[in-house]
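Examining the three-dimensional arrangement
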Amino acid sequence: MLDLKKQILSLCDYMSVSGREISGDNDVFLYGRFDRTECDHMGNRFFYRFCGCEHAPLLLVDAHFDEVGLLVSEILEDGFLRVLPVGSPDMRALPAAPLTVWGREPLFAVAASTPPHLRGKNAGDLLPEFGELLIDTGLSTDRARALIRVGDRVSFRKRSGEMKNNKFYACGLDNKATAAIALFAAASVPKDALPFDVCVLLSAGEEIGGRGACAGAAGLSPVAAIVLDSGFAAAPDISSTRCIRMGEGPGISYSAALDRYLTRRIIDIAEKNRLPLQVIAENPVTGTNADSIQFNRGVPAALLSLPLSNMHTPVEVVSLEDAYAMTSLLTALLQDPAILGGETK
Amino acid sequence: MKKRQELFDIELLHMLCDIDAPSGAEAPVREAITEVLAGLPITLTTDAVGNLIAHRSGSGRSDCRLFLSAHMDEVGFMVTGIDEDGRLRFDNIGGIDTSVLSGRAVRFIGKRGLAGGVISAPPVHLRSPEERKKPTRQSDLRIDIGALSVEDAEDLLSVGTIGTFCSEFTEFGDGRLLCGKAIDDRIGCAVLCDLLRLLGDESLDFELYCAFTTREEIGCSGAFSAAARVAPDIALVLESTAVADLADVPGASRVGTLGGGPAVSFADRGTIYSKKLFDFILGIAEKNGIPAQPKRFASGGNDAACIHTGGCGVTTAALSIPTRYLHSASCVAAREDYFSMRELLMHILRGMSDPECLSEAKK
């Protein structure tokens, strides 16, 4: 029995700030269970399972693999750096945060916080702007220049911890959690139960505009796509109707931009298998790769979301039970021939 | 694993920083220090408010009492309420800037051991552009331990439960710098422990009292009691102080520089220090070629505020390890400053054994 949580956390350890998704070897955990694996120039990774029939249709399962972070824009004296955002990291979580600068080697660093005596009367009410934020590497000027280059990525320090009720926190769970789920589910379907070919796309560049999925889907020509992403976990202080409740299974989104047949079919299969699923409406678009895949590439797409809180901070939280529920649902979907039906068929 | 008694300098500091002991709950640090100091020619006393005081008798040639202090407590959190959805409301123990809270991991000393959690703010995506530029107000922050309801949370903790930042002690910047929670003031405690052990059986002329104090972060009440008990003539407070030697920060606003040796205060928000003692300490540093620096800004405050006004007044100095991002999960100090502080103190102690020197410093 594979340990899903361990797999999720092992993916979290990969540095994958957008644009630098391939930071090491391509040997992710279930590598050996796929019939073929590929990378492309966008930084996308493809994991195929073939059903064995010639000219079988292809179902795409997309989960983005990149994470928000920072990039080095200037190397100052005494090992201090200036940075720019990659995607939208939560600025509020930066002051005094432990970080990793991915230079010639991974370097521990701290995001500087401004001590109260240096604040103007009201300046304490504001966070530093990106142009003001300093990253402290503790290195000498020369060593910093030797080890770090402008453009190098900076991520939150990779750490995780346990919480009550099978919840846990880690950095990069958006979207490593569903990336692990996609691989886990696709690998666990027996070969003879696959009604079509499946490609799991761990896509690059979602946090900076969905470009990886767009190019990845175009190269594959799938018949349909199921996109997995992280969704906002509900809390009493959030009024948005886009939220899903943590611990009550994945969410599925109705959206004018997405395929209604596919969405409906997924809801039916969840009901048939008595799997928890929360239906939400995101209109007109979802802000995920599902938009890019359906809207820009004309592939019918549906969106499943894993409830996640503290998005884009170093302490993103998910529930392992939700992750297992999403895995079970996806495993069932990958064995359903009717999923490829489509709105117009 | 090494016994606590075998840990020196940075290893000792690491061990002490890993202990969770916010103000009012210093017992685990006190126990650790008691173990570290076992077997030395000292008398250890724990007083009614939790201070640990080590007394080392002098040769009898002087009845002068020298008091060294370092505080054992750290900043932390206290659960003040549990919301219906199981998330915690909390207050800070000691002064923590709101801007360093959001997105940090914390741990509580719960009913069944440590309970992990994270400080949560509503997601940035769902906030207005104006709100995104501001730190989330403390009243809007919650700590999420994963609990689903009040009862579920109460399984692990209750209102009044205390906790700390959860961070890993890390050496970085080519090993020059140290990062972790609670460096303020476990670094003072570690220096003081090392000092007592390095002195060994060496004879000093005066009576030496080393106090590991409680509750500095909430107003220095521990030091007040400890000093009242000892009634010292001279006091040296070993601290860590907030500096801002960051790129772009000019001149005195930097307060001090990491790697420049202990910062000696002329004044801060609680104390105007003895000019004689200030000069004496910087003079010893200069004479022996030990890095030290005047603290260049009258900011912050420490146990000296309570100590120097005790009895008929106590000649007091403060020596602080310059520390960036004080009172956060990631306090940063320089390894070499630890050794400069320790060496300087050894010279100060030996210097004070000279009766002339002692009376000079006391003036």
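Predicted model only: the values in this text are computed from it and were never measured.

**A short note on the sheet that holds strand β14 (residues 251–254) of chain A**
Residues and elements named next belong to chain A. Taken together, the eight strands give an open sheet; going across it, the order is β1-β2-β12-β3-β13-β16-β14-β15, and neighbouring strands pair in mixed fashion. Strands with a single pairing partner mark the edges of an open sheet, and in this sheet they are β1 (36–39) and β15 (278–281). Taken pair by pair, the neighbouring strands of this sheet meet at an average axis angle of 25°, ignoring direction. As defined by bridge partners, strand β13 (residues 224–232) adjoins strand β16 (residues 301–308) across eight bridges and the pair is classed as parallel.

**Let's talk about the interface of chain A and chain B**
Frequently, the measure chosen for interface size is the accessible area removed from exposure when the parts meet. With 55 residues of chain A at the interface, the matching set in chain B holds 61 residues. Summed over both sides, the interface between chain A and chain B buries roughly 4,700 Å², with carbon and sulfur atoms accounting for 58% of that surface. Among the ionic pairs, R159(A) bridges to E168(B), the shortest N-O distance being 3.7 Å. Here chain A and chain B share 19 residue pairs in polar contact (both at pLDDT 80 or more) between them. Where the side of chain A that touches chain B is concerned, the elements lending two or more residues are β5 (80–86), β7 (106–111), β8 (134–136) and β11 (167–170) of chain A.

**Notes on the packing of helix α1 (residues 9–17) of chain B against helix α5 (residues 183–199) of chain B**
To describe two helices that pack against each other, one gives the angle between their axes and the distance between the axes. All names here are of chain B. Axis separation between α1 and α5 bottoms out at 9 Å; the angle between their running directions is 135°. With respect to α5, the axis of α1 lies oblique. For the element pair α1 and α5, the recorded crossing hand is right-handed. Residues D9, L12, L13, L16 and C17 of α1 lie in contact with α5, whose contacting residues are I183, R186, I187, C189, A190, C193, D194 and R197.

**Here we look at unusual backbone geometry**
Glycine aside, negative phi is the norm for most residues, and most peptide bonds take the trans geometry. The omega torsion of the bond from D174(A) to N175(A) falls at 20°, within 30 degrees of zero and hence cis. Assignment of secondary structure puts N175(A) in helix α3 (residues 173–188). For the peptide bond that leads from N283(A) to P284(A), omega is -5°, which places it in the cis range. On the secondary structure map, P284(A) appears in the loop between β15 and α6 (289–296). Positive phi is not limited to glycine here, since N166(A) has a value of about 60°. Topologically, N166(A) is positioned in the loop between β10 (160–162) and β11. A positive phi angle, near 85°, is found at D248(B), a position not held by glycine. Inspection of the secondary structure puts D248(B) in the loop between β13 (234–242) and β14 (263–264). Look at D248(B) and you get exposed, because its relative accessible area is 56%.

**Some points on α6(A)**
All names here are of chain A. With respect to burial, α6 is a largely interior element, six of its eight residues being buried. Inspection of α6 places N289, A290, D291, S292, I293 and Q294 among the buried residues, and these make up the whole buried set. Looking at the packing, one finds that the buried side of α6 touches β3 (58–64), β12 (197–203), α4 (211–220), β13 and β16. Just beyond α6, the residue with positive phi is G298, at close to 70°.

**Digging into the pattern of salt bridges**
Evaluation of the coordinates by the stated rule reveals 39 salt bridges over all chains. Across the pair R82(A) and D248(B) runs a salt bridge whose closest N-O atoms are separated by 2.4 Å. Here R82(A) is found in strand β5, whereas its partner D248(B) is found in the loop between β13 and β14 on a different chain. Between D194(B) and R342(B) there is a salt bridge, and its shortest N-O distance comes to 2.6 Å. In this pair, D194(B) is assigned in helix α5 and R342(B) in helix α9 (residues 335–352), connecting sequence segments 148 residues apart. This pair shows no difference in class: D194(B) is buried, exactly as R342(B) is. Each of D20(B), E74(B), R107(B), K181(B) and R186(B) takes part in salt bridges that share partners, so that together they form one network.

Conventions we followed
Residues numbered from 1 in each chain as written. Chains lettered and ligands numbered in written order. Predicted model: local features only at pLDDT ≥ 70, side-chain atom pairs only at ≥ 80, totals over all residues. Heavy atoms only, no water. Pairing = 2+ DSSP bridges. Helix = DSSP H or I, 4+ residues; strand = E, 2+ residues; numbered from the N terminus. Axes fitted to C-alpha atoms, helices over the stretch in contact; angles between N-to-C directions. Contact = heavy atoms within 4.5 Å. Buried area = accessible area lost by both parts, 1.4 Å probe. Salt bridge = Lys/Arg side-chain N within 4 Å of Asp/Glu carboxyl O. Polar contact = N/O pair within 3.5 Å; in protein donor to acceptor, adjacent residues only side chain to side chain. Parallel < 35°, antiparallel > 145°, perpendicular 65-115°, else oblique. Left-handed = near helix turned anticlockwise from the far one by under 90°. Buried < 20%, exposed > 50% of the residue type's maximum accessible area, 1.4 Å probe, protein only.

The analysis is restricted to geometry; functional conclusions fall outside its scope.
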